[in-house]
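# Structural overview for review
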Amino acid sequence: DPSDPDGIVLVLLTKNQVYIDMVIGALESENIPALLKSVTGYHWRGMLPFKQGFFDYRLYVNQAHEERARQIVETIVPPEEIGWER
């Protein structure tokens, strides 16, 4: 269950930073605030000796924006780039 107790929901889990950046830009253009979480933190990632795609990015939005955010994700991100915990 990707729901968070603070009223935010997971709308994208991916290892691809390019797609994360594209989705965040699209969300911002529609005034939908997003919360990005990763193992190391977004800005420190490039300083580690790991290849691109090593860490998962988790993108959350408020439940009120979930439907539109998922539409944006589905428009931008190919299904094979979206991962979900099993």
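Data block above holds the structure.
This is a predicted model, so every value here is computed, not measured.

### A look at the nonpolar core
Ranked by internal contacts, the top residues of the largest apolar core, which has 17 residues, are Val 11, Leu 12, Val 23, Leu 27, Leu 59 and Val 61. Those elements that provide at least two residues to this core are β1 (8-14), α1 (17-29), β3 (57-62) and α2 (66-76). Broken down by element, the residue count for this core peaks at six residues, all from α1. If sequence neighbours within four positions are ignored, Val 61 has contacts with Gly 7, Ile 8, Val 9, Val 11, Leu 27, Ile 32, Pro 33, Ala 34, Glu 66 and Ala 69.

### Thoughts on the environment of Pro 78
Mapped onto the secondary structure, Pro 78 falls in the segment after α2. C-alpha separation for the pair Pro 78 and Tyr 19, spaced 59 residues apart in sequence, amounts to 9.1 Å.

### Considerations on the pattern of salt bridges
Taken as a whole and assessed by the stated rule, the structure comprises three salt bridges. Between Glu 66 and Arg 70 there is a salt bridge, and its shortest N-O distance comes to 2.9 Å. Note that Glu 66 and Arg 70 are positioned in helix α2 at a spacing of four residues, about one turn of the helix. For Glu 66, a relative accessible area of 25% gives the class partly exposed.

### Overview of the pairing of β1
Counting buried residues along β1, seven of its seven residues qualify, which places the element largely inside the surrounding structure. Pairing between β1 and β3: six bridges, direction antiparallel. For Ile 8, the partnering residue across the bridge sits in β3 and is Asn 62.

### Thoughts on the sheet that holds β3
Spatial ordering of the open sheet is given by β1-β3-β2, a layout of three strands whose pairing is antiparallel. Among the strands making up the open sheet, the edge pair consists of β1 and β2 (34-38). Ignoring strand direction, the axes of neighbouring strands in this sheet form an average angle of 25°. Strand contacts of α1: β1, β2 and β3, with the helix running at about 15° to β3, the strand carrying the most contacts. Across the sheet, α2 lies against β1 and β3, angled at about 10° from β1, the strand it touches most.

Conventions adopted
- Along every chain, residues carry numbers that run from 1 in the direction the sequence is written.
- Local features in this predicted model are restricted to residues whose pLDDT is 70 or higher, and side-chain atom pairs enter the listing and the counts only when it is 80 or higher, whereas totals over whole chains, interfaces and linings include all residues.
- The basis for every side-chain value is the complete set of heavy atoms in the structure, and neither hydrogens nor water enter the calculation.
- By nonpolar core is meant a set of buried Ala, Val, Leu, Ile, Met, Phe, Trp, Tyr and Cys residues that side-chain atoms within 4.5 Å join together.
- The buried label applies to any residue whose accessible area, calculated with a 1.4 Å probe on protein chains only, is under 20% of its type's maximum; exposed applies above 50%, and partly exposed to all values in between.
- Put simply, DSSP H or I for four residues or longer makes a helix, DSSP E for two residues or longer makes a strand, and each gets a number counted from the N terminus.
- In this description, contact between two residues means that some pair of their heavy atoms is separated by no more than 4.5 Å.
- Note on definitions: salt bridges are taken to be side-chain nitrogens of Lys or Arg within 4 Å of carboxyl oxygens of Asp or Glu.
- Think of it this way: DSSP has to see at least two bridges between two strands before they count as a pair.
- Inter-axis angles, ranging from 0 to 180 degrees, are taken between N-to-C directions of lines fitted to C-alpha atoms, where helices are fitted over the stretch in contact.

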